Each structure stands twice: as structure tokens, then as C-alpha cells.
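# Secondary and tertiary structure notes
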Amino acid sequence: MSGRVRAVEGRASAMIVYALVARGKAVLAEFTMTSGNFPTVTRVLLSKIAPHDSKMSYVYDKHVFHYVVHSGITYLCMADQSTRRRVAFAFLEDIKRRFNVGYGRVMHTVQPFTMNQEFGPVLQRQIQFYNSD
């Protein structure tokens, strides 16, 4: 991946700033706390993630992309480097559980962004929860 992730500076505390749920390269839902080019960067990253169950973190510029793949669905978040891995992965496991409960029957067949209106606010609420002390 070339280029740099650009995000709004000024937050001193650790934080998750972006999250998505995808099937392969097809984003089903996403939410961002700020502006930047990381949605573009995550599309490149999604194309490199194998569809088998795994979890990993990638450092990119001043941010870290953490992801969990379960049953062909990728749960990904971008956080600043001061965010602890355990917090990011706890967030992803929480999102995975919530998504599976709500969309387990249709998540492998729906069109991209179909769940954004319903699940985007869940991503927002959980990002805010995990970013709070």
C-alpha cells in the first residue's frame, strides 16, 4: 500500500477511528469518527486478507489496522498506535458477536453497504464505548 493515512489530528487519548464489516472486498457496513483516506486504504487491505479464519494487525503510518476474519466475514478497525491491541480486538469480537446475532442468516448473500444504515450506528456506538475511559 502506498501513500499515507491522513486523519484529523488533535486527539491525545487512544482511540479507534474507523470500523467496517466486509465479505471479501465487499463492505457491508462501515463507520468513521473522522475524515481521511483510510476507507481507500482499507479497500486495498481487504483485497489482501485471506478469507479463512484469522486475526492480525498491520501498522500503517501512525495507525494500526486490526482485523478478525470469521466464516468469511472480516471485522476491521483502524486505531491510533497508542490503542492497546487487546482493546481493539475486544471491540472487534464485540462487533462480530453483534453482527452475527443480527445478520447471521443473510450476511453471506446481501449486497455491499446493505447493512450500513442499520449497522453503521452500532459501529458508531461501540467505537464511542471502547474509546471512553
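Heads up: the structure comes first, above all this text.
Residues numbered from 1 in each chain as written. Predicted model: local features only at pLDDT ≥ 70, side-chain atom pairs only at ≥ 80, totals over all residues. Heavy atoms only, no water.

With that settled, the discussion passes to the packing of helix H2 (residues 85-103) against helix H3 (residues 116-131). Here H2 crosses H3 at 150°, and the two axes come no closer than 11 Å. When the interaxial angle is binned, H2 and H3 end up roughly antiparallel. Every pair of crossing elements has a handedness; the one defined by H2 and H3 is right-handed. The residues of H3 that touch H2, namely those facing Val87, Ala90, Phe91, Asp94, Ile95, Arg98, Phe99 and Tyr103, are Glu118, Phe119, Val122, Leu123, Gln126, Ile127 and Tyr130. Across the contact of H2 with H3, the residue classes tally to 11 nonpolar, one polar and three charged. (Axes fitted to C-alpha atoms, helices over the stretch in contact; angles between N-to-C directions. Helix = DSSP H or I, 4+ residues; strand = E, 2+ residues; numbered from the N terminus. Parallel < 35°, antiparallel > 145°, perpendicular 65-115°, else oblique. Left-handed = near helix turned anticlockwise from the far one by under 90°. Contact = heavy atoms within 4.5 Å. Nonpolar A, V, L, I, M, F, W, Y, C, P; charged D, E, K, R; others polar.)

For the structure on display, the rule yields eight aromatic pairs. Between Tyr103 and Phe119 the ring centres are 5.9 Å apart and the planes differ by 85°, which places this aromatic pair in the edge-to-face class. In this pair, Tyr103 sits in helix H2 while Phe119 sits in helix H3, placing the two residues 16 residues apart along the sequence. This pair shows no difference in class: Tyr103 is buried, exactly as Phe119 is. Site record: aromatic cluster; members linked through ring pairs are Tyr75, Phe99, Tyr103 and Phe119. (Phe/Tyr/Trp six-rings, centres within 6.5 Å; stacked < 30°, edge-to-face > 60°. Buried < 20%, exposed > 50% of the residue type's maximum accessible area, 1.4 Å probe, protein only.)

Our next topic: the sheet that holds strand E2 (residues 26-32). Here we have five strands laid out as an open sheet, ordered E2-E1-E5-E4-E3, and antiparallel in their pairing. Strands with a single pairing partner mark the edges of an open sheet, and in this sheet they are E2 and strand E3 (54-60). Put simply, the sheet's adjacent strands are angled 15° from each other on average, direction ignored. Both E3 and strand E4 (residues 63-70) contribute to a ladder of seven bridges, which runs antiparallel. Within E4, the residue paired with Ser54 across the bridge is Val69. (Pairing = 2+ DSSP bridges.)

Throughout the structure, instances matching the rule amount to four salt bridges. Across the pair Arg43 and Glu30 runs a salt bridge whose closest N-O atoms are separated by 3.1 Å. You can see Arg43 sitting in helix H1 (residues 38-48) and its partner Glu30 sitting in strand E2, a full 13 residues away along the chain. Under the relative-accessibility criterion, Arg43 is labelled partly exposed at 27%. Between Asp94 and Arg98 there is a salt bridge whose closest N-O contact spans 2.7 Å. Taken together, the positions of Asp94 and Arg98, both in helix H2 and four residues apart, correspond to about one turn of that helix. (Salt bridge = Lys/Arg side-chain N within 4 Å of Asp/Glu carboxyl O.)

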